[in-house]
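# A closer look at the structure
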Amino acid sequence: MGETTVTKPEGLEAALQETVAADTGQGPLRRLRTPHRPRFWFEILLIAVSYWTYSLVRNAVPEQKAEALRNADWIWRAEHHVGIAVEESVNHAVNSVHWLIVGMNYYYATLHFIVTLGVLVWLYRRHPGRYAATRLVLFATTAVALAGYYLYPLAPPRLMNGGGFIDTVMVHQTWGSMASGDLKHMSNQYAAMPSMHIGWSVWCGLTIFALARVPWVRVLGLLYPALTLVVIVATANHFWLDAVGGVLCLAFGFTIARLWYGRQPYALPRTVPARRQGAAREEDGPRGRDAAREEDGPRGRDAARQEDGSGARNGRRQRSAVP
């Protein structure tokens with residue numbers, strides 16, 4: 001006769017726990033990396049605290065005026081060397097059309113925030129499964145930009161010595177920039193590299209183009225960063241190369257999101273379940289199971305009963321196997 005294998009209760013319980021863990025596959029790190037439905041209050045708090053921190057750190061970077069002006073001169077010479085130093089011509093041409101430059105001043109001051117927040121709200125409502133990953137791109141982009149402000153102080157063209165650029169906000173007396181006019185003491189004026197106007201606008205444009213279904217909305221998504229590029233140059237707030245820096249920061253943000261989630265944000269599922277049925281049962285006990293059944297409707301309640309019945313039968317079989 002062969003030996004009889006007896007499974008001890010402790011071993012049986014451990015085996016069952018191991019099976020459940022394998023089925024759910026939800027360790028702490030796995031849960032963080034799995035797309036989930038965002039919570040409104042948490043997102044509002046996170047965005048507010050993140051922007052406050054970004055502004056605090058950006059403005060705390062020492063205003064290294066001498067080095068910032070030297071870097072601006074170097075960039076201006078480098079652009080002349082490669083034949084793309086047309087910022088001054090664009091600045092003067094647009095400044096000659098009063099209504100156009102005033103509109104661009106207000107564009108620079110407002111749409112940077114309005115459009116970005118609008119895209120975040122749209123993602124939250126229409127693409128909850130992709131929201132966290134796409135938000136991570138934006139946050140990582142902004143975080144690496146802070147390092148750029150610290151390591152490479154840069155004066156904008158309008159502050160160059162003898163550059164011939166026009167500070168359009170000062171000339172036309174418009175509220176168009178936190179770094180000009182009466183608000184210039186509230187913001188670090190030598191944090192021009194990289195341009196987050198470009199980093200954020202390209203993020204908005206790519207997100208709209210990738211996820212919107214209406215063709216003309218997708219086209220607007222692509223036009224938005226292109227127009228933003230013209231605005232930052234026409235108002236003498238940035239060089240072309242500042243825009244390149246913003247795009248490189250955005251590429252870093254997408255890389256971080258790709259490494260964390262295993263896929264690009266736009267390739268993730270559009271929606272996610274509001275709450276996993278199994279998690280609700282484990283976390284809330286009998287009350288959670290009842291809520292899950294009510295939430296899932298008749299079909300969910302039938303499935304839950306079948307599942308509970310199967311579990312009970314399996315439990316009886318396992319108990320009968322134990323001496």
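Rules used in this analysis
- Residues numbered from 1 in each chain as written.
- Predicted model: local features only at pLDDT ≥ 70, side-chain atom pairs only at ≥ 80, totals over all residues.
- Heavy atoms only, no water.
- Helix = DSSP H or I, 4+ residues; strand = E, 2+ residues; numbered from the N terminus.
- Buried < 20%, exposed > 50% of the residue type's maximum accessible area, 1.4 Å probe, protein only.
- Contact = heavy atoms within 4.5 Å.
- Areas by Shrake-Rupley, 256 points an atom, 1.4 Å probe, with all protein chains shown as cover.
- Salt bridge = Lys/Arg side-chain N within 4 Å of Asp/Glu carboxyl O.
- Core = buried A, V, L, I, M, F, W, Y, C linked by side-chain atoms within 4.5 Å.
- Phe/Tyr/Trp six-rings, centres within 6.5 Å; stacked < 30°, edge-to-face > 60°.
- Lys NZ or Arg CZ within 6 Å of the ring centre and 35° of its normal.
- Expected span 1.5 Å × (residues − 1).

### Topic: the overall build of the chain
A tally of regular secondary structure across the chain gives 12 helices and 0 strands. Its helices and strands in sequence order give the chain the pattern α-α-α-α-α-α-α-α-α-α-α-α, from N to C terminus. By the burial criterion, 40% of the 323 residues in the chain qualify as buried. For the chain, contacts bridging at least 24 residues in sequence account for 82% of all contacts bridging at least 6. When the accessible surface of the chain is summed, it comes to about 18,600 Å², and 62% of that surface belongs to carbon and sulfur atoms.

### Focus: the pattern of salt bridges
Inspection of every chain in the model, using the stated rule, returns 1 salt bridge. Of the charged contacts in the structure, one is a salt bridge between aspartate 167 and arginine 158, with a shortest N-O distance of 3.5 Å. Exposure remark for aspartate 167: the relative accessible area of 14% places this residue in the buried category. Look at arginine 158 and you get buried, because its relative accessible area is 8%.

### Concerning the nonpolar core
If you look at the biggest cluster of nonpolar residues, it comprises 37 residues, and the most contacted ones within it are Tyr149, Met196 and Trp203. Counting only elements with at least two residues in this core, the list comes to α6 (98–126), α7 (128–151), α9 (196–211), α10 (215–234) and α11 (240–261). Counting residues in hydrophobic clusters, the runner-up holds 15 residues, among them Ile75, Trp76, Phe165 and Phe239.

### So, the packing of aromatic side chains
Scanning the model with the defined rule gives 6 aromatic pairs in all. Relative to tyrosine 131, the ring of tyrosine 124 has its centre 5.8 Å away and its plane inclined at 85°; by these criteria the two rings are edge-to-face. The class for tyrosine 124 is partly exposed, based on a relative accessible area of 23%. The ring of phenylalanine 139 is capped by arginine 135, whose NZ or CZ atom sits 5.9 Å from the centre of that ring. A cation over a ring is seen here: arginine 218 above phenylalanine 209, with NZ or CZ 4.2 Å from the ring centre.

### So, α10
For α10, spanning 20 residues, the distance from its first C-alpha to its last is 29 Å, which sits close to the expected 28 Å at 1.5 Å a residue. Packing partners of the buried residues in α10 comprise α5 (87–95), α6, α8 (168–172), α9 and α11. Just downstream of α10 lies alanine 236, where phi reads positive at about 60°.

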